[in-house]
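What the coordinates show
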Amino acid sequence: MDKQQAWPQGVFPARLIEMLAQTGAIRTARAFDTDQVQPASLDLRLGDVAYRVRSSFLPGPSHSVAERIEALKLHEIDLTKGAVLERGCVYLVPLQESLALPPAVSASANPKSSTGRLDVFTRVIGDRARGFDQMPAGYEGPLYLEVSPRTFPILARTGSRLSQMRFRCGDNRLTIAEHEALHASDTLVFDNSVPVGEGVALSIDLKGQGRDGLVGFRSRRHTAVVDVDKKAALEVLDFWDPLYSRGRDELILDPDEFYILVSDEAVHVPPTHAAEMVPFDPLVGEFRVHYAGFFDPGFGHSPAGGTGSRAVLEVRSREVPFLLGHRQTIGRLVYERLAEAPDRLYGSALGSNYQAQTLKLSKHFKPFAG
C-alpha cells in the first residue's frame with residue numbers, strides 16, 4: 001500500500017501505523033524504539049533540544065512553528081544528556097517524528113497516561129496549525145511538542161516519550177445505537193445502572209471500597225524532580241498526600257491543587273475498537289479533568305489480563321473551591337471502530353502499565369501500601 005492507495009476507514013492499529021512508516025508517511029530521525037508502536041497509537045519522542053519560550057502559541061496559517069519559536073524563545077536547552085524542565089514554564093521541543101500523511105489520513109495527539117498523571121501539560125503542534133493536537137488529512141511537515149510541567153519539575157532527555165499520536169481515515173465514532181449494540185455484545189461497562197448512549201458515562205468513586213477508604217491523592221508542593229524515564233523510583237509520600245473517605249462521600253477541590261482520582265465504573269475496550277475520553281459537559285466549568293485521552297483496544301479485556309479496568313482521572317479545580325460528590329459524572333468514553341483487527345492488544349503481554357488498574361499513580365512511583 002502506498003500513499004496514493006486507499007487506506008481503510010477507522011482508527012489505525014499497530015500494523016497500519018508501521019505501514020505508514022514504511023511508506024514514508026511517518027518519518028523519523030532515528031529508527032522506532034521496539035515498544036514505540038502501541039496497539040492503536042504511536043509514542044512520540046523528544047528531539048535533541050528544547051526551547052524555553054515566553055508563551056504558548058499557535059503558528060496560524062502564515063507561519064511555521066520554527067518562525068514563532070525564533071520570535072518567542074528565551075533560551076535553548078540541550079536534552080541529549082538530560083535537562084530539568086521547571087514547573088510553570090513553557091517549552092517547545094522538536095520531535096523526532098515528522099509526517100507526510102496520505103490525503104485521506106489524519107492524526108490526533110494526547111498526553112500519555114503517565115504524563116497526565118504527573119500534571120505535565122503537553123500539546124502537539126505543526127506548521128501553520130490553527131489548533132492543538134490535530135494534524136489534518138494530508139499534513140506534511142515537522143511536529144513539535146509544547147511541554148509545561150504544572151505540579152512537579154521533570155527531568156527529560158532526547159527520546160523521552162510524553163505524548164502519543166493516533167491515525168485514522170474518516171470519522172468512525174459510534175452512534176448511540178451502535179454504542180448500545182456494542183455494549184450488548186461486548187459489555188463496555190461493568191455496572192448495569194450505567195446507561196450507554198453517547199458513549200459510557202464515567203463518575204467519581206469517593207467511597208474507596210476495597211482500598212480501605214483511599215479515594216485519591218493530592219500533590220505536594222516543592223518536591224524533588226521526577227525523572228520521566230525511571231519506573232518505580234520514587235516514594236509516594238514524598239510527592240503526594242493520600243485522601244481517605246471519612247463517611248461523607250464527597251471531596252472539596254481546592255483551587256490550584258492537583259488530584260488523582262478514579263472512576264467508580266470499570267470499563268472495557270473490546271479488540272475491535274478504541275476509545276477516547278471526552279468531557280461530560282463543557283458547561284460544568286468549575287473543574288478540569290486532564291484526560292490522557294486514548295484507550296487502546298484491549299483495555300479492560302479479560303483475555304489481555306484486564307477484566308474491567310477503572311479510568312484514572314487527573315483533576316484540578318479552577319478559580320473557586322468545588323464540591324465533588326460520589327458518583328458525580330465527570331466524563332464519557334466514546335468508542336470508535338478500528339480500521340482492521342489488531343495484531344496486539346493493550347495488556348499484560350505488552351507489559352502495559354495500567355491494565356487491571358484501580359486507583360493508581362503514574363509508573364514513576366513505588367507501590368503505595370497505605
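Just above, that's the structure.
I will try to describe carefully the structure that is included in this document. Computed from a prediction, not measured in an experiment: that's the story for all the values here. (Residues numbered from 1 in each chain as written. Predicted model: local features only at pLDDT ≥ 70, side-chain atom pairs only at ≥ 80, totals over all residues. Heavy atoms only, no water.)

Points about the overall build of the protein chain
- The secondary structure content of the protein chain amounts to four helices and 26 strands.
- The globule rule puts the C-alpha radius of gyration for 370 residues at 21 Å, and the 20 Å found for the protein chain is close to it.
- Taken along its principal axes, the extent of the C-alpha atoms in the protein chain is 55 × 50 × 40 Å.
- Put simply, the protein chain has 370 residues, and 55% of those count as buried.
- Long-range pairs, those at least 24 residues apart, make up 80% of the contacts in the protein chain between residues at least 6 apart in sequence. (Helix = DSSP H or I, 4+ residues; strand = E, 2+ residues; numbered from the N terminus. Rg over C-alpha atoms; globule rule 2.2 N^0.38 Å. Buried < 20%, exposed > 50% of the residue type's maximum accessible area, 1.4 Å probe, protein only. Contact = heavy atoms within 4.5 Å.)

Observations concerning the environment of Gly298
- Along the chain, the position of Gly298 falls in the loop between strand S23 (294-295) and strand S24 (309-317).
- Taking the relative accessible area as the measure of exposure, Gly298 reaches 0% and is therefore buried.
- Between the C-alpha atoms of Gly298 and Leu345, which are 47 residues apart in sequence, the distance is 4.9 Å.

Observations concerning the pairing of strand S20 (residues 258-267)
- Counting buried residues in S20 gives ten out of ten residues, a clear majority hidden from the surface.
- Across two bridges, the pairing between strand S16 (residues 214-219) and S20 is antiparallel. Each residue of the ladder has a partner; that of Arg218, found in S20, is Tyr259. (Pairing = 2+ DSSP bridges.)

Some details on the sheet that holds strand S14 (residues 196-197)
- Spatially, S14-S15-S26-S21-S23 is the arrangement adopted by the five strands of the open sheet, whose pairing is antiparallel. Edge positions in the open sheet fall to S14 and S23, since each of these has one partner strand only.

What about the nonpolar core?
- In terms of nonpolar packing, the biggest core is built from 58 residues, with Phe12, Leu99, Met165, Phe167 and Trp240 touching the most fellow members.
- Examining the composition of this core, we find that five residues originate from one element, helix H1 (residues 14-22), more than from any other.
- Core analysis: the next-biggest nonpolar cluster, separate from the first, contains 32 residues, Leu188, Leu251, Val315 and Tyr335 among them. (Core = buried A, V, L, I, M, F, W, Y, C linked by side-chain atoms within 4.5 Å.)

Describing the packing of aromatic side chains
- The tally for this structure, following the rule as stated, stands at nine aromatic pairs.
- Summarising the aromatic geometry, the rings of Phe152 and Phe239 are spaced 5.5 Å apart at their centres and angled 80° between planes, so their arrangement reads as edge-to-face. Of this pair, Phe152 sits in the loop between strand S11 (140-149) and strand S12 (154-156) while Phe239 sits in the loop between strand S17 (226-227) and strand S18 (240-244), placing them 87 residues apart in sequence. Of the two residues examined, Phe152 and Phe239, each falls in the buried class.
- Aromatic pair Trp240 and Phe258: ring centres 6.0 Å apart, planes at 45°, arrangement tilted. Here Phe258 lies in strand S20 and Trp240 lies in strand S18, a separation of 18 residues in the sequence. Across the pair, Phe258 and Trp240 agree in class, each one buried.
- When the ring centre of Phe132 is taken as reference, the NZ or CZ atom of Arg123 above it lies at 3.5 Å.
- The ring of Phe294 has Arg166 lying over it, and the distance from NZ or CZ to the ring centre is 4.2 Å. (Phe/Tyr/Trp six-rings, centres within 6.5 Å; stacked < 30°, edge-to-face > 60°. Lys NZ or Arg CZ within 6 Å of the ring centre and 35° of its normal.)

Looking at the pairing of strand S19 (residues 250-253)
- Along S19, the buried face is formed by Leu251 and Leu253; none of Glu250 and Ile252, which line the opposite face, is buried.
- Alignment of S19 against strand S25 (residues 322-325), held across four bridges, turns out to be antiparallel. Following the sheet pairing, Glu250 is matched in S25 by Gly325.

Quick notes on the pattern of salt bridges
- A complete count under the given rule lists 29 salt bridges for this structure.
- Arg337 is paired through a salt bridge with Glu178; the nearest N and O atoms lie 3.4 Å apart. Here Glu178 lies in helix H4 (residues 176-186) and Arg337 lies in strand S26 (residues 329-337), a separation of 159 residues in the sequence.
- For the salt bridge of Asp343 with Arg344, the shortest nitrogen-to-oxygen distance reads 3.0 Å.
- Take Asp343: its relative accessible area is 49%, and that puts it in the partly exposed class.
- On the accessibility criterion, Arg344 (22% relative accessible area) is partly exposed.
- Via salt bridges that share partners, Asp33, Asp35, Asp43, Arg45, Glu97, Lys112 and Arg161 belong to a single interconnected network. (Salt bridge = Lys/Arg side-chain N within 4 Å of Asp/Glu carboxyl O.)

A closer look at the side chain of His268
- By the element assignment, His268 lies in the loop between S20 and strand S21 (273-279).
- A polar side-chain atom of His268 sits 2.8 Å from the main-chain carbonyl oxygen of Asp186.
- Dropping the residues within four chain positions of it, His268 is found in contact with Asp186, Thr187, Leu188, Phe190, Phe299, Gly300, His301 and Tyr335. (Polar contact = N/O pair within 3.5 Å; in protein donor to acceptor, adjacent residues only side chain to side chain.)

What about the sheet that holds strand S6 (residues 83-85)?
- Here we have three strands laid out as an open sheet, ordered S6-S12-S17, and mixed in their pairing. The open sheet has two edge strands with one neighbour each: S6 and S17.
- Where S6 and S12 come together, three bridges link them in antiparallel fashion. Its bridge partner being in S12, Leu85 is matched across the sheet by Ile154.

Overview of the environment of Ile330
- Locating Ile330 in the fold gives a position in strand S26.
- Separated by 129 residues in sequence, Ile330 and Ala201 have C-alpha atoms that sit 7.7 Å apart.

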